[in-house]
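Next come the chains, spelled out residue by residue.
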Amino acid sequence: MWNKKLLTAIRYYTLLLIMLGIVMENKQLNNELIIFIFLFIINNQLRFFSLDSAFHKAISFIIELIFITLGYKYVGGYPIFYLILEALDSNILFKGKLKTLFNMIICIQGVYISGAQSLEIEAINIGLLIIFIAVLYFVKDENDKKLKAQELYDKLRGSEEKLKNANRDLEIYASSIEEITLLRERNRLSREIHDSVGHALSTIAIQLGAIETIVGRDNNSAKELTKELRRFTQDSLNEVRMAVREIKPKEFKDYEGILIIEELINSFKKLTGVDVRLSFTKKKWPLNPDQGFIIYRIIQEFLANSVRHGKATLVHIFMAFSDYNLVVTLKDNGQGAENIVEGIGLKSMKERVKEVGGDFSYNTKINQGFLVKIELYKKEKLKIHSKETENGEN
């Protein structure tokens, strides 16, 4: 939209210049001159402020064209100010073909009413008029582009709000589905436990009561009940294990090693406040127990060293899986060192990797942190893992 305050100010200023031109040429005001000025201003102001329909505005504008052509001939004034006022109204109040028609008429009118003046003055008046009309076209075009951009922005804002609302509704729906699924699974588990474990425990309690009653009087019968109870207990245990295997998702078994590493990292972050970021490739294959054990221990040792020696606040761990190997890169932002004397921790890391035929390397510089890189091959296994585990437990 046009700036109405600025347009009103320009109109009044132009009208003032027209009135001053008339007064300066006529030197004194008579009744005819006052009537002309009064009618001219009334028609102009009615068109701009009161008339709503395009038809009525066009009639008023045509009247003004005639009024100015005749009035200038008898009362005088400066033609350029008449023409500027007409061009301003033509480009503000009208659109399309009607605006173009009126602009052409104004140019023709300018040639006519400037004809009484010198050729130089006439050329200046027409040139200024054409420039003024061109500027109005340019301003209108830029204004239209701004309005279209604003409309597009408003539509995008509306679409964004709709997307946000839809996303919120989907989240609520997903949360409801998740809650319902969880409740159903809990109900199923409670029913399974009641039917299998509860029944087994009830039977065991009954048989233990029978054994307690006859153990002193009939040892043979007590022995038979005990054997039967043991077999029943074993069968019940097998049923429980089978139910647990069915409940436990297959993906957990395949990626149990990675999940255990994530648990280690989460615990470390909570205890130390160090930011540890674990990432891995989209393609993954399940770690065997030996590989999971080695990676777990190396990450555990690296995190401890990063805090203890490197004073690190950020650790990046990246696991890159390929068809035949796994490369694990560990990098912290600690203080680093120029010369490294391998202690028990570094030696332990290197030995664990070498035992499965993997590769181990590290690098560090002052104020550039510490970097460890290990490479494990998909089919290798650590033969002494079980022994280390047993020694650790003992």
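Conventions we followed
- Residues numbered from 1 in each chain as written.
- Predicted model: local features only at pLDDT ≥ 70, side-chain atom pairs only at ≥ 80, totals over all residues.
- Heavy atoms only, no water.
- Patch = residues over 30% accessible without salt bridge, like charges linked within 9 Å, V, L, I, M, F, W, Y side chains within 5 Å.
- Areas by Shrake-Rupley, 256 points an atom, 1.4 Å probe, with all protein chains shown as cover.
- Salt bridge = Lys/Arg side-chain N within 4 Å of Asp/Glu carboxyl O.
- Lys, Arg positive; Asp, Glu negative; His and termini not counted.
- Charge placed at Lys NZ, Arg CZ, Asp CG, Glu CD.
- Helix = DSSP H or I, 4+ residues; strand = E, 2+ residues; numbered from the N terminus.
- Buried < 20%, exposed > 50% of the residue type's maximum accessible area, 1.4 Å probe, protein only.
- Contact = heavy atoms within 4.5 Å.
- Polar contact = N/O pair within 3.5 Å; in protein donor to acceptor, adjacent residues only side chain to side chain.
- Expected span 1.5 Å × (residues − 1).
- pLDDT = per-residue confidence, 0-100.
- Phe/Tyr/Trp six-rings, centres within 6.5 Å; stacked < 30°, edge-to-face > 60°.

Caption draft 1: Geometry of a positive patch on the surface. Together, K223, K227, R230 and R231 line one region of the surface with positive charge. By the secondary structure assignment, R230 is in helix α7 (residues 219-247).

Caption draft 2: View of the environment of Q335. Mapped onto the secondary structure, Q335 falls in the loop between β3 (325-332) and α11 (344-355). Look at Q335 and you get partly exposed, because its relative accessible area is 40%. Each C-alpha atom, one on Q335 and one on H309, is 8.3 Å from the other, the two residues being 26 residues apart in sequence. Not counting chain neighbours up to four residues away, the residues in contact with Q335 comprise H309, G310, K311, K365, I366, N367 and Q368. Within the structure, Q335 has its side chain in polar contact with the backbone oxygen of H309 (distance 2.9 Å).

Caption draft 3: Quick peek at the environment of T203. With respect to the element layout, T203 can be found in helix α6 (residues 119-214). Taking the C-alpha atoms as reference points, T203 and T233, 30 residues apart in sequence, are found 9.3 Å from one another.

Caption draft 4: Region of the structure containing helix α10 (residues 289-308). In a regular helix each residue adds 1.5 Å, so 20 residues correspond to 28 Å; α10 covers 28 Å between its end C-alpha atoms and thus fits that length. When we look at burial in α10, the residues that qualify are D290, Q291, G292, F293, I294, I295, I298, I299, F302, L303, N305 and S306.

Caption draft 5: Region of interest: the confidence of the model for the chain. Confidence along the chain averages 77 in pLDDT terms, with 81% of residues attaining 70 or more. When the elements of the chain are averaged for pLDDT, helix α12 (residues 385-393) gives the smallest value, 42, and β3 the largest, 92. Residue range residues 381-394 is modelled with pLDDT below 50. Its contacts to residues more than four positions away, or to other chains, number 15 contacts.

Caption draft 6: Layout of the packing of aromatic side chains. All told, the structure shown has 4 aromatic pairs when counted by the stated rule. Centroid distance F61 to F102: 4.7 Å. Interplanar angle 50°. Geometry classified as tilted. Highlighted residues: F61 in helix α3 (residues 54-75) and F102 in helix α5 (residues 96-113), separated in sequence by 41 residues. Judged on exposure class, the residue F61 and its partner F102 are both buried. Between the aromatic rings of Y362 and F370, the centroid separation amounts to 5.8 Å while the plane-to-plane angle is 10°, which identifies the pairing as stacked. On the accessibility criterion, Y362 (27% relative accessible area) is partly exposed.

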